[in-house]
Amino acid sequence: MHPSDYGMKEIGSWRADKAGFKIELGATELLGLGKCIYAFTDTNDNFLRIGSSKNKLHDRMKAWERDVTKAILGQRSPTPVHEAKKWMEYQAGTVWARQGTVVETSVGKFECYLDEESVLIGRHLPPLNHSKHR
């Protein structure tokens, strides 16, 4: 399936090389929102990594840029070196996102973006996700 089949919109592009990891974001209202799910795809729109962000999506994308770049440059980073090398193998792609779904039940409303992330990871098993799903 394509990210748009899950209601995701293209929010930018990414590229990785020996100089680092760069995300170019477009102008979209999604960047200021929290409780989102996002996906990085390759140039054929195959899922590479699926994630979620409780905080503003723009801030999460900047953290991705910083952490993967540090790993590519051999600096201390939460991103493992082997993952940084994989990003460089894929070279470039697209970034997709959407607001997480809110579900209303008899006991109240719930944000289910973490569950949506988990389902998508289990469904697509992206090669750059560390776990299959929660």
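Whatever comes next refers back to the structure up there.
What counts as what
Residues numbered from 1 in each chain as written. Predicted model: local features only at pLDDT ≥ 70, side-chain atom pairs only at ≥ 80, totals over all residues. Heavy atoms only, no water. Pairing = 2+ DSSP bridges. Helix = DSSP H or I, 4+ residues; strand = E, 2+ residues; numbered from the N terminus. Axes fitted to C-alpha atoms, helices over the stretch in contact; angles between N-to-C directions. Contact = heavy atoms within 4.5 Å.

Overall, antiparallel pairing links the five strands, which are arranged β2-β1-β5-β3-β4 in an open sheet. Each end of this open sheet is capped by a strand with a single partner; those strands are β2 (20-25) and β4 (47-53). Between one strand axis and the next, the sheet turns by 25° as a mean value, whatever way the strands run. Here seven bridges tie strand β3 (residues 36-42) to strand β5 (residues 92-99), and the two strands are oriented antiparallel to one another. Across the sheet, residue Tyr38 finds its bridge partner in β5, namely Ala97. Most of the contacts of helix α3 (residues 113-124) go to β4, to which it runs at about 165°, and overall it touches β3, β4 and β5.

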